[in-house]
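Commentary on secondary and tertiary structure
For reference, the chains in residue letters:
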Amino acid sequence: MPDTTRQIICRCEDVTEEEVLQAIAQGAATADEVKRLTRAGMGHCQGRTCRRLVNQLLARRLGQKPADQRPVTQRSPLQPVSLKTLADSH
Amino acid sequence: MANTSDVIIIGGGIAGTATGYYLAKHRLSVALFEQGHLCSGSTGRCIGGVRQQFTSASSIKLMMRSVELFAGMDQELDTEVHWHPGGYLFLAHDESNKQAFLDNIRVQRAAGLTDVRWVDAAEAKEIVPLLDTAGLLGGSYCPTDGQAYPFAVVNGYAQQIKQLGGSIHPFSEVTGILSQGGRATGIKLANGEEHHAPVVVNCAGPWAKEVGALAGIDVPVEPERHEALITEGVEYLGIPMLVDYRADGGYFQQFRHNGQFIGCYSPSPRVPGRSADSTFEFLAEMPRRMLKLVPALAQVKVIRQWAGSYEMTPDGNPVLDRAELGGFYVLGGMCGHGFMLGPAMGEAMAEFVRSGEKQPPFPEFALRRRFGQAEAMK
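Residues numbered from 1 in each chain as written. Chains lettered and ligands numbered in written order. Predicted model: local features only at pLDDT ≥ 70, side-chain atom pairs only at ≥ 80, totals over all residues. Heavy atoms only, no water.

Here we come to the overall build of chain B. Scanning chain B from N- to C-terminus turns up 9 helices and 19 strands. Relative to its length of 378 residues, chain B is compact, with a C-alpha radius of gyration of 20 Å against a globular reference of 21 Å. When its C-alpha atoms are laid out on the principal axes, chain B stretches across 65 × 40 × 40 Å. Taking all 378 residues of chain B together, the buried fraction comes to 60%. As displayed, chain B has an accessible area near 14,300 Å², and 50% of this comes from carbon and sulfur atoms. (Helix = DSSP H or I, 4+ residues; strand = E, 2+ residues; numbered from the N terminus. Rg over C-alpha atoms; globule rule 2.2 N^0.38 Å. Buried < 20%, exposed > 50% of the residue type's maximum accessible area, 1.4 Å probe, protein only. Areas by Shrake-Rupley, 256 points an atom, 1.4 Å probe, with all protein chains shown as cover.)

All names here are of chain B. For helix α2 (residues 57-71), with 15 residues, the first-to-last C-alpha span of 21 Å sits near the 21 Å given by 1.5 Å per residue. Buried within α2 are the following residues: Ser-58, Ser-59, Ile-60, Leu-62, Met-63, Ser-66, Val-67, Leu-69 and Phe-70. Looking at the packing, one finds that the buried side of α2 touches α1 (14-25), β3 (49-50), α3 (73-77), α4 (95-110), α6 (150-163) and α9 (338-355). (Expected span 1.5 Å × (residues − 1). Contact = heavy atoms within 4.5 Å.)

Before going further, it helps to examine the interface of chain A and chain B. Each partner contributes residues to the interface: chain A has 25 residues there, and chain B has 31 residues. Between chain A and chain B, a total of about 2,600 Å² is buried, with carbon and sulfur atoms accounting for 58% of that surface. Seen at the junction of chain A and chain B, the total is 12 residue pairs in polar contact (both at pLDDT 80 or more). Broken down by secondary-structure element, the contributors of at least two residues to the side of chain A that touches chain B are α2 (31-38), β3 (81-82) and α4 (83-87) of chain A. Its residues assigned to classes, the side of chain A that touches chain B comprises 8 nonpolar, 10 polar and 7 charged. (Buried area = accessible area lost by both parts, 1.4 Å probe. Polar contact = N/O pair within 3.5 Å; in protein donor to acceptor, adjacent residues only side chain to side chain. Nonpolar A, V, L, I, M, F, W, Y, C, P; charged D, E, K, R; others polar.)

Across the sheet, which stays open at both edges, the 9 strands sit in the order β3(A)-β17(B)-β13(B)-β16(B)-β15(B)-β14(B)-β4(B)-β6(B)-β5(B) with mixed pairing between neighbours. Lying at the two open borders of the sheet, with one neighbouring strand each, are β3 of chain A together with β5 (117-120) of chain B. Bridging between β5(B) and strand β6 (residues 138-142) of chain B involves 4 bridges; their strand directions are antiparallel. Bridged to Val119(B) within β6(B) is Gly139(B). Along the sheet face, helix α8 (residues 280-293) of chain B touches β4 (88-92), β13 (222-233), β14 (241-244), β15 (251-254), β16 (260-265) and β17 (301-312) of chain B and points at about 110° away from the line of β16(B). (Pairing = 2+ DSSP bridges. Axes fitted to C-alpha atoms, helices over the stretch in contact; angles between N-to-C directions.)

As a further point, take the pairing of strand β1 (residues 7-10) of chain B. Residue and element names in this part refer to chain B. Burial along β1 is two-sided: the residues Val-7 and Ile-9 and Ile-8 and Ile-10 are all buried. As defined by bridge partners, β1 adjoins strand β2 (residues 30-33) across 4 bridges and the pair is classed as parallel. Each residue of the ladder has a partner; that of Ile-9, found in β2, is Leu-32. Handedness of the crossover is the feature at issue here: the chain leaves β1, passes through α1, returns alongside β2, and the resulting connection is right-handed. (Right-handed = clockwise from strand over helix to strand, strands pointing away.)

Our next topic: the sheet that holds strand β9 (residues 174-180) of chain B. Residue and element names in this part refer to chain B. Read across the sheet, 3 strands follow the order β9-β10-β11 without closing on themselves; strand pairing throughout is antiparallel. Edge positions in the sheet fall to β9 and β11 (194-196), since each has one partner strand and no second. Neighbour-to-neighbour, the strand axes of the sheet open up by a mean angle of 30°, direction not taken into account.

We now examine the state of the cysteines. Residues and elements named next belong to chain B. In total, this model carries 0 disulfides over all chains according to the counting rule given. Left unpaired, Cys-39 is separated from the closest cysteine sulfur, that of Cys-46, by 7.8 Å. Considering cysteine sulfurs only, Cys-39 is the nearest to Cys-203, which forms no disulfide, with 14 Å between them. (Disulfide = S-S within 2.5 Å.)

The next subject is α2(A). Residue and element names in this part refer to chain A. Most of α2 is tucked away, with 7 of its 8 residues classed as buried. Buried within α2 are the following residues: Ala-31, Asp-32, Glu-33, Val-34, Lys-35, Arg-36 and Thr-38. Two residues or fewer after α2 comes Arg-39, characterised by a positive phi angle close to 75°.

Next up on the list: the side chain of His84(B). One can find His84(B) in the loop between α3 and β4. When near neighbours in sequence (up to four residues on either side) are disregarded, His84(B) contacts Asp145(B), Gly146(B), Gln147(B), Tyr236(B) and Arg256(B).

Residue and element names in this part refer to chain B. Interhelical geometry of α1 versus α6 gives an angle of 35° and a closest axis separation of 9 Å. In this structure, the crossing between α1 and α6 has a hand that is left-handed. Contact residues: Ile-14, Thr-17, Ala-18, Gly-20, Tyr-21 and Tyr-22 in α1; Val-153, Val-154, Tyr-157, Ala-158, Gln-160 and Ile-161 in α6. Of the residues in the contact of α1 with α6, the class split is 9 nonpolar, 3 polar and no charged. (Left-handed = near helix turned anticlockwise from the far one by under 90°.)

Written out as structure tokens, the structure reads:
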């Protein structure tokens, strides 16, 4: 199997598969914990790409079923908005 | 016997992990229980500011100790907590604020914080060239105040607790305090498990009152909601934490390590309770307040908003004490200063527990004090 450990899981925060696996080795068992240890999902896109990948890695490493995984809280705004646009909105 | 330790800690935020680490360093065995994941309460929702500019001698001295601990933390915890002494600048736009800051500076300098000083509007502009100084009289500036990254600090403490032989139990809600003959003897978890220790420390943050009630102990801590937001990362501009106490003011800073701006303001009226809901009102209002101070940030984009709890006591000071139930301790009521106070107060709590002293180290933080005076620099 090819070595995938250096491939990027979270593109916004440059988090590699290896870093996610290290977080899991440190005890992270949920996407929320992986997020707080690695910043995967805390960047510009708010986890749109990496959320699924992190959950797949958790499932693979810890034998979790997708249905048992705790979802990460979704927060606004849905996409980045400038301070000026927001300030002018009211 | 399994499930037995020297100390049980309830709460996996800064108070619990710091207390646990300094106890573990004293070679006590520590078991820490957290109902969610580490940092899922208040610590993970704070904006990471660390300041020594307080108005009581104990808080100032504790914060000076916290700054020392933050500065040495990468080495001590073998991690990277992104401590950066970027400074704090409290802005005065009217004479009464100016006078209050001048009085505070005198108290702070008398307590040993010689780095703090009054700066006039021109010097404030030199420190923050992008600051709009319209109506500004000056400010209280301390360049050795700073910032750190809460998740890294808490995780660093937690990893070291494990290294030192302790245990961390996330997703383990405490539903009962066990006691016998007027002394705490352990805890019961939601899943029915029991864990035993002669010392139980309540570090439950916004849940401190509920955890106290499990032991029949009244803990005068009431949570209230505060909202925050964070932007994308941009070039680091060297702006200290700006604190604007005006009715339409707020506080924000830029993280040195990744260039993100993070900020919040205290809602008026207060929002009691543990709600973590976000509002559109805040999402519009906070940028307006930020741009009033630093208009050049207009095109910086907000990526996320959230909310968390301040744990308020009637006088704005924290609680560090033992309770009427033997072996049951309380560290909490940090009133929005938990992350910054946490390292020094965790260290002080560990020493208090280890020593077995009856009288708490800071009388003004006693559990049963008279709640008269109020901390001014909120």
